[in-house]
Amino acid sequence: MRFIVTVVEEITSEAHIDIPDGLTQEVIKQEIVARYNTGQMQTDFNIAQVDFVSINARILTTESKESEASL
């Protein structure tokens, strides 16, 4: 038998960045979003945690019909 298995995970990443002192909370948020949107933080991200959410398997029968079974 053949199966198609889909695994859903939630990944939590963290980045350690330096932001100048004395900025307001709103400016800090804007700086973080700007760095993320421009790709400046992508190389800084480290996977801190991976949580398993779900797994699903579809069974492929010989007639090419699919039946679903949740594991």
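1. Re the overall build of the protein
Summing up its helical and strand segments, the protein has 1 helix and 3 strands in all. For the protein, the sequential pattern of α-helices and β-strands runs β-α-β-β. The buried share of the protein, taken over its 71 residues, is 4%. Accessible area of the protein: about 6100 Å², with a carbon and sulfur share of 50%.

2. Some words on the confidence of the model for the protein
On average, the protein scores 85 in pLDDT, and the residues at 70 or more come to 86%. Across the protein, element-level confidence peaks in helix α1 (residues 25-37) with a mean pLDDT of 93 and bottoms out in strand β3 (residues 66-70) with 51.

3. Focus: the side chain of Arg35
Counting through the fold element by element, Arg35 comes out in helix α1. Residue Arg35 is classed as buried on the basis of its relative accessible area of 16%. A distance of 2.8 Å separates a polar atom in the side chain of Arg35 from a polar atom in the side chain of Glu31. Setting aside chain neighbours within four positions, we find Arg35 in contact with Ile17, Asp18, Ile19, Gln40 and Met41.

4. Some points on the pattern of salt bridges
In this structure the tally under the stated criterion is 1 salt bridge. When the shortest N-O distance is used, the salt bridge between Arg35 and Glu31 registers 2.8 Å. Of this pair, Arg35 and Glu31 both sit in helix α1, 4 residues apart, roughly one helical turn.

5. What about the packing of aromatic side chains?
How two aromatic rings sit relative to each other is given by the distance of their centres and the angle of their planes. Summed over all chains, the structure comprises 1 aromatic pair. On the numbers, 6.1 Å between centres and 75° between planes, the contact of Tyr36 with Phe45 is edge-to-face. Residue classification places Tyr36 among the partly exposed positions, given a relative accessible area of 46%.

6. Description of the environment of Arg35
When the C-alpha positions of Arg35 and Ile17 are compared, they lie 9.9 Å apart, and in sequence the two are 18 residues distant. Polar contacts involving the side chain of Arg35 include one to the main-chain carbonyl oxygen of Asp18, which spans 2.9 Å.

7. Side note on a nonpolar patch on the surface
A cluster of nonpolar side chains, Met1, Phe3, Val5, Val7 and Phe52, forms an exposed patch at the surface whose accessible area comes to about 580 Å². Topologically, Met1 is positioned in the segment before β1 (2-14).

Calculation criteria
- Residues numbered from 1 in each chain as written.
- Predicted model: local features only at pLDDT ≥ 70, side-chain atom pairs only at ≥ 80, totals over all residues.
- Heavy atoms only, no water.
- Helix = DSSP H or I, 4+ residues; strand = E, 2+ residues; numbered from the N terminus.
- Buried < 20%, exposed > 50% of the residue type's maximum accessible area, 1.4 Å probe, protein only.
- Areas by Shrake-Rupley, 256 points an atom, 1.4 Å probe, with all protein chains shown as cover.
- pLDDT = per-residue confidence, 0-100.
- Polar contact = N/O pair within 3.5 Å; in protein donor to acceptor, adjacent residues only side chain to side chain.
- Contact = heavy atoms within 4.5 Å.
- Salt bridge = Lys/Arg side-chain N within 4 Å of Asp/Glu carboxyl O.
- Phe/Tyr/Trp six-rings, centres within 6.5 Å; stacked < 30°, edge-to-face > 60°.
- Patch = residues over 30% accessible without salt bridge, like charges linked within 9 Å, V, L, I, M, F, W, Y side chains within 5 Å.

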